Amino acid sequence: MKKKILIISGGISKERIISIDTGKQVAKELRKNGYVVKICEPDKNFLSITKNFRPHIIFNALHGQFGEDGYIQSILETIGIPYTHSGVISSAKAMDKEISKRIFKKNKILTPKYFLYTFNKTDKKLIYEINKKLGFPVVIKPINEGSSVNVFICTRRNLFSKLKLLKDYKKVLIEQFIPGREIQAAIIGKKKLGAIELKPKRKFYDYQAKYNSKAKTEHIIPVDLSKKDYRKLMNITLKAHKLIGCRGVTRSDFKFYNGKFYLLEINTQPGMTKLSLVPEISSYVGISFMNLIKLILEDASINK
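Figured I'd write up the structure that's included with this text. (Residues numbered from 1 in each chain as written. Predicted model: local features only at pLDDT ≥ 70, side-chain atom pairs only at ≥ 80, totals over all residues. Heavy atoms only, no water.)

## Details of the overall build of the protein chain
Within the protein chain one finds 11 helices and 12 strands. For the protein chain, whose C-alpha radius of gyration is 19 Å, the value lies close to the compact-globule estimate of 19 Å for 304 residues. Its C-alpha atoms put the protein chain at 65 × 45 × 40 Å along the principal axes. Sorting the 304 residues of the protein chain into buried and exposed places 54% on the buried side. Taking as baseline every contact in the protein chain between residues at least 6 positions apart, the subset at least 24 positions apart corresponds to 68%. (Helix = DSSP H or I, 4+ residues; strand = E, 2+ residues; numbered from the N terminus. Rg over C-alpha atoms; globule rule 2.2 N^0.38 Å. Buried < 20%, exposed > 50% of the residue type's maximum accessible area, 1.4 Å probe, protein only. Contact = heavy atoms within 4.5 Å.)

## Points about unusual backbone geometry
The amide bond that connects Phe-136 to the next residue, Pro-137, takes the cis arrangement and shows omega of -5°. Position of Pro-137 relative to the elements: it lies in the loop between helix 6 (123-133) and strand 5 (138-142). The phi torsion at Lys-108 lies on the positive side, around 60°, for a residue other than glycine. Structurally, Lys-108 can be placed in the loop between helix 5 (97-106) and strand 4 (114-117). Judged by relative accessible area, which is 76%, Lys-108 ranks as exposed. Phi is positive for Asn-258, close to 50°, though the residue is something other than glycine. Looking at the secondary structure, you find Asn-258 in the loop between strand 11 (249-257) and strand 12 (260-267).

## Re the sheet that holds strand 8 (residues 181-188)
If you trace the five strands from one edge of the open sheet to the other, you get 10-9-8-11-12, paired in antiparallel fashion. Because the sheet does not close on itself, it has two edges, and the strands there are strand 10 (218-220) and strand 12. Adjacent strand axes in the sheet meet at a mean angle of 30°, parallel and antiparallel pairs treated alike. By the bridge criterion, eight bridges tie strand 8 to strand 11 in an arrangement that is antiparallel. Its bridge partner being in strand 11, Ile-187 is matched across the sheet by Thr-250. The strands touched by helix 9 (residues 227-244) are strand 8, strand 9 (191-199), strand 11 and strand 12; relative to strand 8, the strand with the most contacts, the crossing angle is about 55°. (Pairing = 2+ DSSP bridges. Axes fitted to C-alpha atoms, helices over the stretch in contact; angles between N-to-C directions.)

## Quick look at the layout of surface pockets
Here the largest pocket defines a volume of roughly 260 Å³. Taken together, 19 residues line the largest pocket, and the ones lying closest to its centre are Gly-11, Ile-12, Pro-42, Asp-43 and Phe-66. Of the residues that constitute the lining of the largest pocket, the class distribution is nine nonpolar, six polar and four charged. The space that makes up the second largest pocket amounts to roughly 150 Å³. (1 Å grid on protein atoms, 1.4 Å probe; cavity = no way out; pocket = protein on both sides within 12 Å on 5 of 7 lines; lining within 4 Å. Points joined across faces, edges and corners; volume = space filled by probe spheres on them. Nonpolar A, V, L, I, M, F, W, Y, C, P; charged D, E, K, R; others polar.)

## Here's the deal with the nonpolar core
If you look at the biggest cluster of nonpolar residues, it comprises 27 residues, and the most contacted ones within it are Ile-5, Ile-7, Leu-30, Phe-59 and Leu-297. Within the residue set of this core, elements represented by two or more residues are strand 1 (4-8), helix 1 (16-32), strand 3 (57-60), strand 8, strand 9, helix 10 (277-284) and helix 11 (289-298). Take this core: its biggest share by element is five residues, from helix 11. Val-223, Leu-225, Ile-236 and Leu-263 belong to the second largest nonpolar core, which has 22 residues in total. (Core = buried A, V, L, I, M, F, W, Y, C linked by side-chain atoms within 4.5 Å.)

## A word on the pattern of salt bridges
Throughout the structure, instances matching the rule amount to 10 salt bridges. Taking the shortest distance from any N to any O, the salt bridge between Glu-29 and Lys-32 comes out at 3.4 Å. Of this pair, Glu-29 and Lys-32 both sit in helix 1, separated by three residues, roughly a single helical turn. Here Glu-29 falls in the buried class, since its relative accessible area comes to 15%. By relative accessible area, which is 59% here, Lys-32 ends up exposed. One salt bridge in this structure joins Lys-141 and Glu-175, with 3.2 Å as the shortest N-O distance. With Lys-141 in strand 5 and Glu-175 in strand 7 (residues 172-176), this residue pair connects regions lying 34 residues apart in the sequence. Neither residue differs from the other here; Lys-141 and Glu-175 are each classed as buried. (Salt bridge = Lys/Arg side-chain N within 4 Å of Asp/Glu carboxyl O.)

## A word on the packing of aromatic side chains
Two aromatic rings, taken as a pair, are described by how far apart their centres are and by the angle between their planes. For the coordinates displayed, the defined rule picks out four aromatic pairs. Both rings, one in Tyr-117 and one in Phe-119, keep their centres 5.1 Å apart while their planes meet at 50°; by these two values the pair is tilted. Its relative accessible area of 5% is what places Tyr-117 among the buried residues. A relative accessible area of 22% means that Phe-119 is categorised as partly exposed. Aromatic side chains Phe-254 and Phe-261 sit 6.2 Å apart centroid to centroid with 80° between the ring planes, which places their arrangement in the edge-to-face category. Like Phe-254, the residue Phe-261 is buried in the burial classification. Aromatic ring contacts, followed pair by pair, group Phe-254, Phe-256 and Phe-261 into a single cluster. Across the ring face of Phe-53, the terminal group of Lys-4 is positioned such that the distance to the ring centre comes to 5.1 Å. Sitting over the face of the ring of Phe-115, Lys-133 holds its NZ or CZ atom 5.3 Å from the ring centroid. (Phe/Tyr/Trp six-rings, centres within 6.5 Å; stacked < 30°, edge-to-face > 60°. Lys NZ or Arg CZ within 6 Å of the ring centre and 35° of its normal.)

It is worth stressing that arrangement in space is one thing and function is another; only the former is reported here.
As structure tokens, then:
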């Protein structure tokens, strides 16, 4: 009997378009290989579609809020059908940048210094705190978005104009800016998949640099690191994956500066589009797109 796979994609996060693309790419590959596939949105019809379709596995292709923060995972647990990627708690921990950074720090994984800001200080006090704790430039970002959505590198001059854009979030992370090389590394299950370096033409590897082919971000693989540094990078990546309690595939984002790796964040549901990094890393190490999907499906479960 052919396996039936229900793909959830779309959603209401700011990464909706990327999620739809991920869902389409995965569905196309599965259908080519004889699977029976249905794509659906995580909306009011989701439960009835699941009940009628009766899939063997649910492939979670959602990105961002409500898709990889533990919210949909808690619904999937109640349905009782094996689903892909990380579970409720690990998804919530990874998505909350402050919680994940606390875990990294506690376990001696280097991450940029930061503090949480809740729009409760005078301009003068905030400038004083940044100068004292971090120094300019700084990075400001929501604590619970992915794909570098609403992430800005700020100088003292443009800090308050950029903060205004994030006021709806109530809480934002103000983080030390680390210059250096953008390197990302991936894990599948307990296996160290590999790494890739990004050279964006833009200021940094932001949303446009990630998903707009016109941004002409340079992808470098293999990454030019010594064997010792490469081993160190992959060990940190696997350690972070295990500490957060992740399952399936994850991708961790690093800055490499002055011989040190700074872990910025861990992504529990990396994109699977034509410009996505995990399929590119997989391809380089000899794992086809279909085999990557199979590995993700094999890891599907509940009670995680």
